[in-house]
Amino acid sequence: MSAEAADRVAAVTSSRPGTPLQTSWFEFLLDDSLLEKHLQKSNPDPAPVQLIIQFLEQASKPSVNEQNQVQPPADNRRNRTLKLLALKVAAHMKWDLEVLEKGLTIPVLNMLLNELLCVSKVPPGVKHVDLDLSTLPPTTAMAVIIYNRWAIRTIVLSSFPEKQTKPGPHQINIVLEGAVRLKKDFYVHTMRTLDLLAADTAANGETESSTAGLRISADELHCQVHYDLGGIFFHQGCTDLPIYEKARDHFRQTKELLKKLDSTVHVHLDEKRLAGYWNACRVDITNRGQKMVCKLHFNSLQAVIEAFIKDNISRSLPNHFRRSVLREFLYKVQQGESGLDEVCHKLCVCNAVRDTLEGEILSVRFQQLLLKPSKQVVDFILEVCTRSLEKDRPSEASRRNMANFLKTLCESLEDLSLVFVVSSHKLFMELLKEEERKVLVEQMRKRSATINLSAKPLPSFYDIPASASVNIGQLEQQLILSLEPRRIRQILIELHGLAERPFWRVNSKWEVPPDYINVILGIKDNLTKDLVYILMAKGLHCISIKDFAHARQLFSACLELVTEFSPKLRQVMLNEILLLEVRAHEAMAAEGSKERPPPDLVSRVRGYLEMRIHDLPLRQVVGEECVAFMLNWRENDYLTLQVSPSLVMNNPYIKLGQLLASTCKELPGPKESRRTAKELWDVVVQICSISIQHKRNSDGRIGLIKQRESSMGILHRYDDDIVNEVTAEHLSIWPSSLPNIQAVDVEAVAVTVKELVSYALTLNPNNQSWLITQADIYFVTNQYSAALNLYLQAGAVCSDFFTKAVPPDIYTDQVLKRMIKCCSMLNCHTQVAVLCQFLREVDYMTAFKALQEQNSHDAMDSFYDYIWDVTILEYLTHIHHKRGETEKRQIAIKAIGQTELNTSNPEEVLQLAAQKRKKRFLQAMAKLYF
């Protein structure tokens, strides 16, 4: 690469942190040995799961025929090779479903495993339950087992334990139950056996022999399959004892095999989850009614509570199981069973403390419990907190989380006597510093003086009696100021207890996007409607002022709330949370962070762009910023290679993003890259054309407007076109003319370019090309002082503040002439004369005309020391003699008399004298204009 090309690449990439160039997917098609070399790297980029995604996305891309109709992917050699490459990557990963499930979406992993079934020669059209695994070739049987293991794991991972709608095990279990009856070793495809299949050398039966592929011992496979079967039976058998017993039996065999195995290379399971399952499956059977009771070492209700407290330290029970136990008791309360209210409260407290220790958000149910707790409840909370911290040395994170929990507890209690119970407790004194304790207690006293809630127990969450002493105005003021979701909810409950009116209208500055307003106002419950509206409005406001921490809390609370009743609003909140994370990461980048976005965020952005949910309100800005995010972080391969053609056709922002990405990728490339640049040019010209000028309506959507009546703008139509007046990088790739210049809205182009360059300079203020472009914009809009400032900045950043010569490709003759005109328009005529020397051919006519001006606003003779051209100095002597300015004439004569300016000197000496004066002059100009 030439030095000039290298400079171009550096200029393009200087505004964002650089990353090594990724190996493109198509390179693996061209070089058979590249994949294995790539995967053997310590940290390959792209990562293996990303390669699988790229290969399968390319292999499954639909084609478009001559009638512009979308056709299914072609069954050709290219696509078959891509699918085989994806399988080889999975083989390199030893078919580890744990890793594959984390990195691949369900549709992609389903496609991968179906390809495995295909290449493994699983008989087509035959149900897996009808296959006899013992008669199949080893790799074929293993492909069936892997697929069915994944199917079961997907069901387990995407659901909570629930009652079966139909009795009896699903057919999907039968294949795996057959696998654990086989007592022989198993073999799975490797990269080598897949290569043999591709080379059609399997005719000798090598890939179907009993020893082809990677060997997995029977015990290893049985251990893994027993674990997977235990998981599916556990999820099917919450109220069906025989199925629950099957789950227990499979988990028992898993534990036994784990102890037996010397090596567990091919066993991938979560041992903590296994321990939780095992505890949950210890059951008692009562002869009366055959009713199953999950014991978890429980012999009584108190034992249930004790076990939950102990588990807060060991954390062996899965959180979802603990919640399911609480739900079971709540269900019994709803069915009329008495004496269980206290148990429900205590289990709720135990779960809340577990959430606290793990840094999770407190549940809505626990927050409801804190609205009007009894002293017994508060005492129990403190007991659980004390017993849940590790006895010897609790971790710093646990101590910090518990301290925050106790502060939240104090802030939630309106009864000062209960606040005193908490603040005087030993654990409170240990975890909070003295100053923190004093401030907190004082805040509680002040708040108690303002609001005095009734001590009457609360019958339900929505039925909150409030004291008559509570002033609605005070509560509304608190509602406006609060950013704490739990407090907002509590205030709204109190307000609805005092008056029935829409409290989302309390503050006229609370705004939600017009796209969502109908869905939110369609919520039937008035309290919920107010809460959703206010949480979203406050969250959006926090994003606008870059308070992302509070925005996350508000949006998370809103998401938790709407998940309970509206899938549509749930997706809306997920979209808004995505936009929040995108803006938060871009804000970090703008502040100088070089950290790349996490893969999860990139994956979520892709998911949004590919999302197709009918009747879902979508904000246009989310799509715009998702595409901008992908461009900013150079996810060019996704935009140019992986995004589906249908998305490009249906989403104009993806189309524009794809063109931008393609043009950026091809910038250092050959002349052929101009084709993509021409497409981008045509799209931008169309956007900026008056006949289809886009404008955002009041509802945030894009509409079409006709030509503006106003003639006001940055440039009038008869002036020089800004495109020809402003210089920029890479002008050579764009078309040199416009077929219909009159149709282009020059005003819109000028404003857009100015804003774009201004923003670019906030990211990289030392980019010389951008500084010149911004200076040109100021120049053509007659802002000469600002233009000269930026021209000087551009020279300063590339010459170490003029201690070196400014490169001639920065101070071209065009730039120098503009600097001369700027000085002339500012009546700095001596500066004009000095700058005329900088041109490749000294412009004596302009210099002499400038020196004739007597109304000069610069220091005139103080600049004579920067003139090295003897002809200009002689003219100065003549002018001052003619005007009778003896003192100034002497200064000019003294300048001429300097020995280094003697025309008889060698050229090198004269050049050195000129360079020295150039640097000193530019430094003096910088002091004047910076």
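Each remark here, short or long, concerns the structure printed above.
This structure is a prediction, so every number in the text was calculated from the model and none was measured.

Caption draft 1: Representation of the overall build of the protein within the structure. The secondary structure content of the protein amounts to 44 helices and 8 strands. For the protein, the proportion of its 930 residues judged to be buried stands at 47%. Put simply, 67% of the contacts in the protein that link residues at least 6 apart link residues at least 24 apart. Carbon and sulfur atoms provide 52% of the accessible area of the protein, an area that totals close to 47,600 Å².

Caption draft 2: Layout of the packing of aromatic side chains. Tallied over the entire structure, the rule returns 15 aromatic pairs. Consider the rings of Phe366 and Phe405, whose centres lie 5.8 Å apart with planes at 25°: the pair is stacked. Here Phe405 lies in helix α19 (residues 396–412) and Phe366 lies in helix α17 (residues 364–369), a separation of 39 residues in the sequence. We note that Phe366, like Phe405, is buried. Chaining the aromatic ring pairs together yields one cluster made of Phe838, Phe863, Tyr866, Trp868 and Phe921.

Caption draft 3: Layout of unusual backbone geometry. Omega for the bond connecting Asp45 with Pro46 falls within 30 degrees of zero, at 10°, which places this linkage in the cis form. Even without a glycine there, the phi angle at Phe802 is positive, about 65°. Considering the arrangement of structural elements, one finds Phe802 in the loop between α38 (784–797) and α39 (813–825). Look at Phe802 and you get buried, because its relative accessible area is 1%. Even without a glycine there, the phi angle at Asn827 is positive, about 60°. Structurally, the position occupied by Asn827 is in the loop between α39 and α40 (829–836). A relative accessible area of 26% means that Asn827 is categorised as partly exposed.

Caption draft 4: How the structure looks around the nonpolar core. By size, the foremost hydrophobic cluster in this structure holds 126 residues, and its most contacted members are Ile52, Phe55 and Phe366. If you tally residues by element for this core, the top one is helix α8 (residues 138–157), at 10 residues. In contact with Ile52, not counting residues within four places along its chain, are Ala86, Val89, Ala90, Met93, Leu100, Leu104 and Leu112. Judged by nonpolar contacts, the second largest core, of 68 residues, contains Ile491, Met611, Cys626 and Phe629.

Caption draft 5: Layout of the pattern of salt bridges. Tallying each qualifying case throughout the model produces 37 salt bridges. Linking Glu115 and Lys83 is a salt bridge whose minimum nitrogen-to-oxygen distance equals 3.6 Å. Here the residue Glu115 occupies a position in helix α7 (residues 106–119), and Lys83 occupies one in helix α5 (residues 77–92), the gap between them amounting to 32 residues. Relative accessible area serves as the criterion here: at 17%, Glu115 is assigned to the buried category. Relative accessible area serves as the criterion here: at 22%, Lys83 is assigned to the partly exposed category. Beyond isolated ion pairs, a larger network of salt bridges with shared partners links Glu98, Glu101, Arg149, Arg153 and Asp228.

Caption draft 6: Focus on the side chain of Ser120. Looking at where Ser120 falls in the secondary structure, it is placed in the loop between α7 and α8. Not counting residues up to four positions away in its chain, the partners in contact with Ser120 are Thr139, Thr140, Ala143 and His189.

Definitions and limits used
- Residues numbered from 1 in each chain as written.
- Predicted model: local features only at pLDDT ≥ 70, side-chain atom pairs only at ≥ 80, totals over all residues.
- Heavy atoms only, no water.
- Helix = DSSP H or I, 4+ residues; strand = E, 2+ residues; numbered from the N terminus.
- Buried < 20%, exposed > 50% of the residue type's maximum accessible area, 1.4 Å probe, protein only.
- Contact = heavy atoms within 4.5 Å.
- Areas by Shrake-Rupley, 256 points an atom, 1.4 Å probe, with all protein chains shown as cover.
- Phe/Tyr/Trp six-rings, centres within 6.5 Å; stacked < 30°, edge-to-face > 60°.
- Core = buried A, V, L, I, M, F, W, Y, C linked by side-chain atoms within 4.5 Å.
- Salt bridge = Lys/Arg side-chain N within 4 Å of Asp/Glu carboxyl O.

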